[in-house]
Amino acid sequence: SFFNHVDPGFCNIMIHAPPAKGWTAKGGEAVFTFCGREKFEKITASWDSDSNKKNKKHLGDLKPPPVTVAGSTITLVEDWYGGPDVNGGEPVKETVVMVLNNHNKVQNIIYSVDNPYHGH
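Residues numbered from 1 in each chain as written. Predicted model: local features only at pLDDT ≥ 70, side-chain atom pairs only at ≥ 80, totals over all residues. Heavy atoms only, no water.

Any chance you could explain the pattern of salt bridges here in plain terms?
Pairs can form between side chains of opposite charge whenever their charged atoms are close. Counting across every chain of the model gives five salt bridges. Between Lys42 and Glu38 there is a salt bridge, with its nearest N and O atoms 3.9 Å apart. With Lys42 and Glu38 both in helix 1 (residues 37-55) and four residues apart, this pair spans about one turn of that helix. Accessibility expressed as a relative area gives 59% for Lys42, which makes it exposed. (Salt bridge = Lys/Arg side-chain N within 4 Å of Asp/Glu carboxyl O. Helix = DSSP H or I, 4+ residues; strand = E, 2+ residues; numbered from the N terminus. Buried < 20%, exposed > 50% of the residue type's maximum accessible area, 1.4 Å probe, protein only.)

Structure below.
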């Protein structure tokens, strides 16, 4: 699982976060942070479970994104589907920068979201 590669104290830093079940972002906040691998693992498990119940669709990229590795960063541009609980069920179009620590674990993930859903 992706979480095997994540530091326990990692943080998500989201620029224009999409609204999602399990966290306090309402959608479109300039910057929203959410820290802790265990908490995030539980939230994504609930998104996955709700998506499976609703339409059997798996969470993830609509197609494999191009990935750039440079220094201690991994950068990708993706259309990510998070199920009915994330972004009003719409895929999240985002640029993602993962920053690795000196143990080669993901320490921080910075997301710049292009299309946060506002419930219109």
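Can you help me understand unusual backbone geometry in this one?
Outside of glycine, negative phi angles account for most residues, and trans bonds account for most peptide bonds. Positive phi, close to 65 degrees, is recorded for His16, a residue that is not glycine. Looking at the element boundaries, His16 is found in the loop between strand 1 (6-15) and strand 2 (32-35). For Asn87, which is not glycine, the phi torsion reads 55 degrees and is therefore positive. Mapped onto the secondary structure, Asn87 falls in the loop between strand 5 (73-81) and strand 6 (92-100).

Where do I start with the state of the cysteines in this structure?
A covalent bond between the sulfur atoms of two cysteines is referred to as a disulfide. In this structure the tally under the stated criterion is one disulfide. A sulfur-sulfur separation of 2.0 Å characterises the disulfide bridge that pairs Cys11 with Cys35. Residues Cys11 and Cys35 are joined by a disulfide whose S-S torsion is about 105 degrees; by sign, that bridge is right-handed. With Cys11 in strand 1 and Cys35 in strand 2, the pair connects residues that are 24 residues apart, well separated along the chain. Overall, Cys11 belongs to the buried group, its relative accessible area being 16%. (Disulfide = S-S within 2.5 Å.)

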